[in-house]
Amino acid sequence: MATVTVKNIPDELYERLKSAAEINRRSINSEIIMCIENNVISRRINIDEALENARQLRRLTAGHPITHEEFNQAQSEGMNTDRVTAAPLSTRAEASPGHGH
């Protein structure tokens, strides 16, 4: 097996790798290999599997509608931070009546 040395990894990127490795219960080296595999190796998409995954996700989230504004805000915050904190569902529903779909 080949050995690769990566130099000058930005601190923020290293911390993200380290966090991902901890979450996935991997060493940092194993996490880097997974990142490379996921981005270099082409994967064929099984359409039936992808559709079933989408349907399952839709079923799981059906009782938790959010507005476009809430989605956009969460997406924007996610780009700027590692963790997004949301208000409880009851508070969100009260704050934006009629915008839950």
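This is a predicted model, so every value here is computed, not measured. (Residues numbered from 1 in each chain as written. Predicted model: local features only at pLDDT ≥ 70, side-chain atom pairs only at ≥ 80, totals over all residues. Heavy atoms only, no water.)

Tallying secondary structure elements over the protein gives 5 helices and 0 strands in all. Each helix and strand of the protein, ordered N terminal to C terminal, gives the series α-α-α-α-α. Buried residues in the protein amount to 7% of all 101 residues. Considering only intrachain contacts with a sequence separation of at least 6, the fraction spanning at least 24 residues in the protein is 47%. On the protein, roughly 9400 Å² of surface is accessible, and the fraction owed to carbon and sulfur atoms is 54%. (Helix = DSSP H or I, 4+ residues; strand = E, 2+ residues; numbered from the N terminus. Buried < 20%, exposed > 50% of the residue type's maximum accessible area, 1.4 Å probe, protein only. Contact = heavy atoms within 4.5 Å. Areas by Shrake-Rupley, 256 points an atom, 1.4 Å probe, with all protein chains shown as cover.)

Nonpolar side chains collect at one region of the surface, where Ile 36, Val 40 and Ile 41 lie side by side and expose about 310 Å² of accessible area between them. With respect to the element layout, Ile 36 can be found in helix 2 (residues 28–40). On the basis of relative accessibility, which here comes to 49%, the residue Ile 36 falls in the partly exposed class. (Patch = residues over 30% accessible without salt bridge, like charges linked within 9 Å, V, L, I, M, F, W, Y side chains within 5 Å. Salt bridge = Lys/Arg side-chain N within 4 Å of Asp/Glu carboxyl O.)

With that settled, the discussion passes to the side chain of Glu 31. Residue position: Glu 31 is located in helix 2. A polar atom in the side chain of Glu 31 sits 3.3 Å from the side chain of Asn 24. (Polar contact = N/O pair within 3.5 Å; in protein donor to acceptor, adjacent residues only side chain to side chain.)

A word on unusual backbone geometry. Located in the positive-phi region is Asn 8, a residue other than glycine, with phi close to 60°. On the secondary structure map, Asn 8 appears in the segment before helix 1 (11–23). With relative accessibility at 75%, the residue Asn 8 sits in the exposed group. Its identity is not glycine, yet Arg 25 carries a phi of approximately 55°, on the positive side. Mapping Arg 25 onto the fold places it in the loop between helix 1 and helix 2.

On average, residues of the protein carry a pLDDT of 81, and 78% of them reach 70 or more. Confidence drops under a pLDDT of 50 for residues 89–101, and excluding neighbours within four residues, the segment shows 17 contacts in the predicted structure. (pLDDT = per-residue confidence, 0-100.)

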